[in-house]
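Topology and contacts: notes
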Amino acid sequence: MEATLATAQPRDTGIDAVASATRRLVDAITRAGGAIDADADRIVADLDVLTARIDAHAPDLPERIATMWRQPGPGRFDPAGGTENPLSPPVSLWVEPDGSLRGEVTLGLAFQGPPGHIHGGTSAMLMDHALGIANARAGYAAVTVGLDISFRAAIPIGSTITILARHDGRDGRDGRKVRSSGELRVGDLTCVTATGTFVLMNDPSTREKFRRLPREQA
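Positions within a chain are numbered from 1, following the residues in the order the chain's sequence is written. Restriction of local features to residues with pLDDT of at least 70 applies here, the model being predicted, together with a cutoff of 80 or more for giving and counting side-chain atom pairs; totals for whole chains, interfaces and linings are based on all residues. No hydrogens and no water enter the side-chain calculation; it runs on all heavy atoms of the structure.

Looking at the sheet that holds strand 7 (residues 189-200)
Paired strands, as defined in this entry, are two strands with at least two bridges between them according to DSSP. To qualify as a helix, a DSSP run of H or I must reach at least 4 residues; to qualify as a strand, a run of E must reach at least 2; elements of each kind are numbered from the N terminus. Pairing is antiparallel across the open sheet formed by seven strands, whose spatial order is 1-2-3-5-6-7-4. Each having just a single partner strand, strand 1 (4-5) and strand 4 (142-151) make up the two edges of the open sheet. In the sheet, strand 6 (residues 177-186) pairs with strand 7 via 10 bridges, with the strands oriented antiparallel. Looking across to strand 7, one finds that Ser181 is bridged to Thr195. Whether two residues are in contact is decided by their heavy atoms: any pair within 4.5 Å suffices. Note on geometry: axes are C-alpha line fits, over the in-contact stretch for helices, and angles between N-to-C directions span 0 to 180 degrees. Together, strand 1, strand 2 (92-95), strand 3 (101-106), strand 4, strand 5 (160-167), strand 6 and strand 7 form the strand contacts of helix 4 (residues 120-137), whose direction differs from that of strand 6 by roughly 130 degrees.

Have a look at this one:
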C-alpha cells in the first residue's frame, strides 16, 4: 500500500521551485560567509534587481493572507514545512499504519545554534509543526497554547533527522483542548521529546481571535 503524505506535496514548478532555489541561495550564503565580501556589492545589486522583479507581483498583505488560506490541503506557506516558503526546511510527513506521523529532514548551516549543531528553536518549531499536523490528521484543527520540550542530545548539522508525532487520542482530550506528543531522532538516538497542548479552532473564543486579525492588519 502506498504511504499517505500528511503534508503538502512538493512541486517542481512555480512558487515551489522559486522557494527551493532561494533555500539553495541561503545555504550558499551561509556556507560562504565573509568569503563573499569582495564581491558583496555586485551580489547585493543583483539581488536587489531580482527582489524588485518579484515584488512587482506581490499583492498587499491582507490580500495575500486571504489567498494563502483559500488554498486546499496542508499549508504550503508554513515556515516549518511549507513548500512555498523559502524560510521553511523541506519537511515531509507521512502517515504510519498506526496513524502516527514520520518524516525526515536534513538541515544546513542556516539552522545552526551551538557550534556544528541545530538551534534548539528550530527543533521546537519542527516539533510544534509535526504535533499540530498529527492533531489535524486525527480530525482536530487546533492552535498551540503550550509546548513542553526536552533537549536530550544535540543534533549535528547535516545529519538525517527523523521526526515522529502522534495525537494522544482520548487521553489527550480535555474539553476544548487536545494533546499530542513526538520526538526527533538521529539514528537510534532520541535527541528531542515534546508534548503539546492545543485549543480547538472551532472554539468560539479562538475563532473570534483569528477573525479580528485581518481587520487589524488592514
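So that's the structure; there's more coming.
With respect to the pattern of salt bridges
We define a salt bridge as a contact between a side-chain nitrogen of Lys or Arg and a carboxyl oxygen of Asp or Glu at a distance within 4 Å. According to the stated counting rule, one finds 10 salt bridges in the structure shown. The partner of Glu84 in a salt bridge is Arg64, and the shortest N-O contact between them spans 3.7 Å. With Glu84 in the loop between helix 3 (61-69) and strand 2 and Arg64 in helix 3, this residue pair connects regions lying 20 residues apart in the sequence. By relative accessible area, which is 9% here, Glu84 ends up buried. Here's how the labels work: a residue is buried when its accessible area is under 20% of the maximum for its type, exposed when over 50%, partly exposed in between, all with a 1.4 Å probe on protein chains only.

Quick look at the pairing of strand 3
Because side chains alternate across strand 3, one face comprises the buried residues Leu101, Gly103 and Val105, and the other comprises Arg102, Glu104 and Thr106, none of which is buried. Examined bridge by bridge, strand 2 and strand 3 share four bridges and lie antiparallel to one another. Each bridged residue has a counterpart across the sheet, and for Val95 the counterpart in strand 3 is Leu101. Where strand 2 folds back on strand 3, the antiparallel hairpin that results is connected by five residues, among which Gly99 adopts a positive phi of roughly 95 degrees. Bridge count between strand 3 and strand 5: six bridges; the pairing is antiparallel. Paired with Glu104 across the two strands is Thr162, which belongs to strand 5.

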